Amino acid sequence: RRFTHNLRLAALLCINAGFINAAGFIAFKVLTTNITGHAALLAVSIASSGFHSASTVVLWLVLFLAGAFASAVMISKVGKEKAAAYTLPIVIISIIVLMVALFGHYSTNSLAATEYFAGSLLFAMGMQNALVSMVSGSVVRTTHLTGIFTDLGIELSTLLMMKKAASVSLKNRIVLRLTIILCFLLGGILGGYLF
């Protein structure tokens, strides 16, 4: 894979992840890509004896994991070096997102429906995250930004501290991180606006 391949992958799927995260939050009050936040929510729910909330968050964590697992199995069965290996996960993600878009408005009357639709998006984002990680060799992550900001901070400090000209590799990593951040934000803005 070349840098341009990863850049295009990051741009398209980060816009998708930001879009789904923002629209999912507006519709269901759930951040559908924030597993770290859900782990904290689980801990708070357990500490405050909110066992229904805790069980819902556990389900969401398992659904994200199951999405990643399913995507990895599908890709591995076909062979990750083959372009067709990524078709089925992309089709499934698209179907899930389409179904939530078409029928998610029914969830406003029911907590169970809201939890179901939010869980469906978490499953889809788990699938997307595994797909992107496998196709890029874990270079691109599209559904969360904490590690991306950390990596960008390290790379910017490396750039600042260098005595000689920055390598192409370092510059490419910085451009990739900035693309991921900006495209996720762009997707979030579009998702919020279009919702």
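Residues numbered from 1 in each chain as written. Predicted model: local features only at pLDDT ≥ 70, side-chain atom pairs only at ≥ 80, totals over all residues. Heavy atoms only, no water.

> Before we move on, could you go through the environment of R141 and cite the residues and values that matter?
For R141, the location among the structural elements is in the loop between α5 (111–136) and α6 (146–161). Linking R141 and Q128, residues 13 residues apart in sequence, is a C-alpha distance of 9.3 Å. Not counting the four nearest positions on each side in its chain, R141 is found in contact with C14, N129, V132, S133, I148 and I180. (Helix = DSSP H or I, 4+ residues; strand = E, 2+ residues; numbered from the N terminus. Contact = heavy atoms within 4.5 Å.)

> Pulling in residues and values, what's your account of the state of the cysteines?
Applying the stated criterion to the full structure yields zero disulfides. No disulfide involves C14; its sulfur sits 6.4 Å from that of C183, the nearest cysteine. (Disulfide = S-S within 2.5 Å.)

> I'd love a proper account of the packing of aromatic side chains, names of residues and values included.
Summed over all chains, the structure comprises two aromatic pairs. Between F28 and F117 the ring centres are 6.0 Å apart and the planes differ by 10°, which places this aromatic pair in the stacked class. Taken together, the residues F28 in helix α1 (residues 3–28) and F117 in helix α5 connect sequence positions 89 residues apart. Residue class for F117 comes out buried when judged on its relative accessible area of 11%. Centre to centre, the rings of Y116 and F117 are 5.3 Å apart; their planes meet at 70°, and the pair counts as edge-to-face. Under the relative-accessibility criterion, Y116 is labelled exposed at 56%. Connected via pairs of aromatic rings, a cluster forms that spans F28, Y116 and F117. (Phe/Tyr/Trp six-rings, centres within 6.5 Å; stacked < 30°, edge-to-face > 60°. Buried < 20%, exposed > 50% of the residue type's maximum accessible area, 1.4 Å probe, protein only.)

> Now, about helix α4 (residues 87–103): what can you tell me, with residues and values included?
Taking 1.5 Å of rise per residue, the 17 residues of α4 would be expected to cover 24 Å, and the 24 Å separating its terminal C-alpha atoms lies within 8% of that figure. Among the residues of α4, those classed as buried are P89, I93, I96 and V100. One side of α4 carries all its buried residues, which in axial view fall inside an arc of 65°. (Expected span 1.5 Å × (residues − 1). Arc of directions from axis to C-beta.)

> So what's going on with the pattern of salt bridges? Residues and values would help.
Taken as a whole and judged by the stated rule, the model has three salt bridges. Taking the shortest distance from any N to any O, the salt bridge between R177 and D151 comes out at 3.9 Å. Of the two residues, R177 is situated in helix α7 (residues 168–194) and D151 in helix α6; the sequence distance between them amounts to 26 residues. A residue is classified by how much of its surface remains accessible, and D151, at 29% relative accessible area, is partly exposed. The salt bridge partner of E155 is R177, with a shortest N-O separation of 3.1 Å. Highlighted residues: E155 in helix α6 and R177 in helix α7, separated in sequence by 22 residues. This pair shows no difference in class: E155 is buried, exactly as R177 is. Overlapping salt bridges, with partners in common, bring together D151, E155, R173 and R177 in one network. (Salt bridge = Lys/Arg side-chain N within 4 Å of Asp/Glu carboxyl O.)

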